[in-house]
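The primary structure of each chain is shown beneath.
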Amino acid sequence: MELVFAGSPAAAVPSLQAIAASRHELLAVVTREDSPQGRRGELTPTPVAAAAEELGYPLIKANRLAGAATEAITALRPDLGVIVAYGGLVREPLLSLPRLGWINLHFSLLPRWRGAAPVQRAIMAGDDLTGASVFQLVPELDAGDVFGHLTQPVGAHETAGHLLDSLAVSGAELLVRVVDALADGTARAVRQQGDVTLAPKLDLEDGRIDWTEPATTVLNTIRGVTPEPGAFTTLDGLRLKVLDSQIARDEPRLSPGHLALSGKRLLAGTGSEPLELLSVQPAGKKAMRAADWWRGRAAGSSLVAQ
């Protein structure tokens, strides 16, 4: 079949590479426009744009699938549109343009965690099982019939970044199997079943740690917002990023937000057992071992502001 692929972040690159290596013809790659990155704000192409250029595919850069972007895709007349984390909506008439419509690889077990941040929300909610689904794109958010899915356990210490990297690879294999089945006429989609939960995009405040919550909840928040937008608290009015931590089940309880050294371990009090902070990043500084950071500041204990 002749395909158009739409995607933007690094998580979509394995799918692009898998489609490129498949038996199907990739006509063009759609991705978001270059955006300012880093402290200098240099215009930088999306990871998908960089991968497409390396593979030699024509690029359509657009933040919205309208106007010139719609005209360019229409002119190609693809059999199928494939979308993976593009970052924009596909609306009519573009939605119905391909002969087989559009399919979407989504990193959750739909209908659980429909929306922009399914992996992050799954970890934050304490899910121990997640996966990926390939479904028919419809106007309603992530609500189309599902052609196939895979399941994957959520590791107890896995961050959203680690889990998404893994699902991006296994999901790409699932995606190609569905595309092959559509080409062969053997694909069968089933309606989504179960309770719908939503996974809205995270903002900076989603990473603020509430130390009054139980240790498991705090740890899940830290894991779920790592690497973006990042977990943080404030100490003496300054922001402190918490990069890595674990539950210290063998330590006595501390008041929520109370920091104290126990031997070589830096502990933070929660609503239940304390967390051991393993790696932190103080404001304006590089990441470092948490205990080393604590020894380098004023001695004694302090309360972490909420």
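So, here is what we can say about the structure in this document. What you see is a predicted model; the values in this text were computed from it and never measured.

**Topic: the side chain of Arg223**
Tracing the backbone through its elements, the reader meets Arg223 in helix H6 (residues 215-224). Put simply, Arg223 is tucked away with no salt bridge, and the nearest opposite charge, on Glu158, sits 5.9 Å away. Within polar-contact distance, the side chain of Arg223 engages the backbone oxygen of Gly155 at 2.8 Å. For Arg223, the side chain forms a polar contact with the side chain of Asn220, separated by 2.8 Å. Filtering out sequence-adjacent residues up to four positions away, Arg223 remains in contact with Ile123, Val154, Gly155, Ala156, His157, Glu158, Thr159 and Ala160.

**Quick notes on a nonpolar patch on the surface**
Taken together, Leu141, Val196 and Leu198 make up a surface patch of nonpolar side chains, about 280 Å² in accessible area. Structurally, the position occupied by Val196 is in the loop between helix H5 (160-184) and H6.

**Description of H5**
Under the 1.5 Å per step criterion, the end-to-end length of H5 is 35 Å for 25 residues, consistent within 8% with the ideal 36 Å. The first or second residue beyond H5 is Gly185, which carries a positive phi of 80 degrees.

**What about the pairing of strand E10 (residues 231-235)?**
When you tally the buried positions in E10, you get five out of five residues, the bulk of the element. Of the two faces of E10, the one holding Ala231, Thr233 and Leu235 and the one holding Phe232 and Thr234 are both buried throughout. Taken together, E10 and the strand that follows it, strand E11 (residues 238-247), pair antiparallel across an intervening segment of two residues, in which Asp236 is found at a positive phi of about 55 degrees.

**What to know about the packing of aromatic side chains**
Applying the stated rule across the entire model yields one aromatic pair. Both rings, one in Trp293 and one in Trp294, keep their centres 5.6 Å apart while their planes meet at 55 degrees; by these two values the pair is tilted. Residue classification places Trp293 among the buried residues on the basis of a relative accessible area of 10%. Take Trp294: its relative accessible area is 4%, and that puts it in the buried class.

**So, the packing of helix H1 (residues 13-20) against helix H2 (residues 47-55)**
Contact geometry of H1 with H2 gives a least axis separation of 9 Å together with a crossing angle of 25 degrees. By the angle class used here, H1 and H2 are roughly parallel. Of the two possible hands of crossing, H1 and H2 adopt the one that is right-handed. Each of Val13, Leu16 and Ala20 in H1 lies in contact with H2, whose residues at this interface are Pro47, Val48, Ala51, Ala52 and Leu55. By residue class, the composition of the contact of H1 with H2 is eight nonpolar, no polar and no charged.

**Some details on the packing of H1 against H5**
Where H1 meets H5, the axes come as close as 8 Å, and the angle between the chain directions of the two elements is 35 degrees. For the pair H1 and H5, the sense of crossing is right-handed. For the pair H1 and H5, contact is made by Pro14, Ser15, Ala18 and Ile19 and by Ala168, Val169, Ala172, Leu175, Val176 and Val179, respectively. In terms of residue class, the contact of H1 with H5 is made up of nine nonpolar, one polar and no charged.

**Re the pattern of salt bridges**
For the structure shown, the criterion picks out 14 salt bridges. Note that Arg114 is salt-bridged to Glu140, the shortest N-O span being 3.7 Å. A residue pair is termed long-range when its members are at least 10 positions apart, and Arg114 in the loop between strand E7 (102-106) and helix H4 (118-124) and Glu140 in the loop between strand E8 (129-136) and strand E9 (146-153) qualify at 26 residues. Its relative accessible area of 11% is what places Arg114 among the buried residues.

**Things to note about H2**
Along H2, the positions that sit buried rather than exposed are Val48, Ala49, Ala51 and Ala52. Angular distribution of buried residues about the axis of H2 spans 165 degrees; they occupy a single face of the element. Each element contacted by the buried residues of H2 is listed here: strand E1 (2-7), H1, strand E2 (25-31) and strand E5 (59-61). Just past H2, the residue Gly56 takes up positive phi, approximately 85 degrees.

**A word on the nonpolar core**
Within the largest apolar cluster, 38 residues are counted, with the highest numbers of intra-cluster contacts made by Phe5, Ile103 and Phe107. In terms of residue count, the dominant contributor to this core is H5 (11 residues). Beyond its immediate chain neighbours, meaning those up to four positions away, Phe107 contacts Ala11, Val84, Pro118, Val119, Thr130, Gly131, Ala132, Leu164, Leu167 and Ala168.

Rules used in this analysis
- Residues numbered from 1 in each chain as written.
- Predicted model: local features only at pLDDT ≥ 70, side-chain atom pairs only at ≥ 80, totals over all residues.
- Heavy atoms only, no water.
- Helix = DSSP H or I, 4+ residues; strand = E, 2+ residues; numbered from the N terminus.
- Buried < 20%, exposed > 50% of the residue type's maximum accessible area, 1.4 Å probe, protein only.
- Lys, Arg positive; Asp, Glu negative; His and termini not counted.
- Salt bridge = Lys/Arg side-chain N within 4 Å of Asp/Glu carboxyl O.
- Polar contact = N/O pair within 3.5 Å; in protein donor to acceptor, adjacent residues only side chain to side chain.
- Contact = heavy atoms within 4.5 Å.
- Patch = residues over 30% accessible without salt bridge, like charges linked within 9 Å, V, L, I, M, F, W, Y side chains within 5 Å.
- Areas by Shrake-Rupley, 256 points an atom, 1.4 Å probe, with all protein chains shown as cover.
- Expected span 1.5 Å × (residues − 1).
- Pairing = 2+ DSSP bridges.
- Phe/Tyr/Trp six-rings, centres within 6.5 Å; stacked < 30°, edge-to-face > 60°.
- Axes fitted to C-alpha atoms, helices over the stretch in contact; angles between N-to-C directions.
- Parallel < 35°, antiparallel > 145°, perpendicular 65-115°, else oblique.
- Left-handed = near helix turned anticlockwise from the far one by under 90°.
- Nonpolar A, V, L, I, M, F, W, Y, C, P; charged D, E, K, R; others polar.
- Arc of directions from axis to C-beta.
- Core = buried A, V, L, I, M, F, W, Y, C linked by side-chain atoms within 4.5 Å.

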